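Below are the chains, spelled out letter by letter.
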Amino acid sequence: LESAYVARQKDYQALSKEAGLTERQVERWFRQRQMAGRPSPLSKFTETGWRWIFYLSLHMVSVWVMWSKPWVWNTFYCWYDYPFHVVDPAVWWHYMWELAFYWSLFISQFFDAKRKDFWEMFIHHVATLALLILSWTNHMHRMGSLVLLVHDFADHWLELAKLARYANFKMCCDISFVVFLVTWSYTRIGVFPTWIIYSTTIEAAQLVQMFPVYYIFNCLLSILLVLHIIWFYYIAKVAYKSLISGKTDDSRSDSDSDDEDSGDLSSDNKKLK
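Predicted, not measured: the structure shown is a model, and the values here were computed from it.

Thresholds, definitions, all that
Residues numbered from 1 in each chain as written. Predicted model: local features only at pLDDT ≥ 70, side-chain atom pairs only at ≥ 80, totals over all residues. Heavy atoms only, no water. Helix = DSSP H or I, 4+ residues; strand = E, 2+ residues; numbered from the N terminus. Buried < 20%, exposed > 50% of the residue type's maximum accessible area, 1.4 Å probe, protein only. Patch = residues over 30% accessible without salt bridge, like charges linked within 9 Å, V, L, I, M, F, W, Y side chains within 5 Å. Areas by Shrake-Rupley, 256 points an atom, 1.4 Å probe, with all protein chains shown as cover. Salt bridge = Lys/Arg side-chain N within 4 Å of Asp/Glu carboxyl O. Expected span 1.5 Å × (residues − 1). Contact = heavy atoms within 4.5 Å.

Novice: Could you give an account of the side chain of Ser 176, naming the residues involved and the relevant values?
Specialist: Tracing the backbone through its elements, the reader meets Ser 176 in helix α10 (residues 170-207). Look at Ser 176 and you get buried, because its relative accessible area is 3%.

Written as structure tokens, this is what we have:
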């Protein structure tokens, strides 16, 4: 039965004959095995709590490092005297921390439960790592640091909403999710294209001679923007469902196998009834 569960075989009649059990016993075993493989609410809470602390720390460090930098307030400084830009030690540490974090996300996604947006996340991690590496090796770290700054604003609000949901603090969950929705939409759909991409396509063209990596850099930024639009659809879907049902659920947080198993469970329950 264990090998059949791993292989996702659901021929209960054949399995019952092979195992010497009734079909109902096999169905009950599959249900119990599925429940045993799911993380407990406490495990979800502790994992989400760690991510919330990390994302919040990352955001605070990002703001602290970038607040005094002139290119935050005037993006033309990203291109003045390019590529002769001295790397500030704080920017160096910020970059290395973010780079290590995204490498960990890229590697861990192959071992975590497969989510509905696995391929979107895979493309996102590849594009982000390519942006970080290219921007660093080609002295575009000023613009790269702005991309990191924009992306660090919203994530910790989503983790806080999940924490509140696991703790059954509905009001806190709803408020955190609304703040996340507004912050994420403003930074990823508003600021990112009109501030970051505008600077790399319009401002840079006025001050920097074009070279091959420049076009690759802008292509990767455009890929991120497309992914942002796709995720905005997921977030809007969650917001709509929460308004209708009053429950806030992440439409992409469950694995594909969980969805199929949930469907099997519902049909099994109907048979038993």
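Having seen the structure, we can now continue with the description.
Novice: I'd like to hear about a nonpolar patch on the surface, residue by residue, with values.
Specialist: A contiguous nonpolar patch, built from Trp 103, Ile 107, Phe 110, Phe 111 and Ile 133 and spanning about 550 Å² of accessible area, is present on the exposed surface. Its place among the elements puts Ile 107 in helix α6 (residues 89-108).

Novice: I'd like a rundown of helix α9 (residues 155-166), residues and numbers included.
Specialist: An ideal rise of 1.5 Å per residue puts 16 Å on 12 residues; α9 measures up with 17 Å between its terminal C-alpha atoms. Within α9, the full set of buried residues consists of Asp 155, His 156, Leu 158, Glu 159, Ala 161, Lys 162, Leu 163 and Ala 164. For α9, the secondary structure elements touched by its buried residues are α4 (41-66), α8 (141-151) and α10.

Novice: Explain the environment of Ala 236 to me, and be specific about the residues and the numbers.
Specialist: Assignment of secondary structure puts Ala 236 in helix α11 (residues 212-245). For Ala 236, a relative accessible area of 33% gives the class partly exposed.

Novice: Mind laying out the pattern of salt bridges, listing which residues take part and the relevant values?
Specialist: Here the structure, examined in full by the defined rule, presents four salt bridges. Ionic pairing is found between Glu 47 and Arg 51, a salt bridge with its closest N-O pair at 3.0 Å. Taken together, the residues span about one helical turn, with Glu 47 and Arg 51 both in helix α4 at a distance of four residues. Judged by relative accessible area, Arg 51 falls into the buried class, the value being 18%. A salt bridge links Lys 170 to Asp 174, with the shortest nitrogen-to-oxygen separation between them at 2.9 Å. In this pair, Lys 170 and Asp 174 both sit in helix α10, four residues apart, roughly one turn of the helix. Looking at Asp 174, the relative accessible area reads 25%, which means it is partly exposed. Within this structure, Glu 47, Arg 51 and Glu 159 form a network of salt bridges that share partners.

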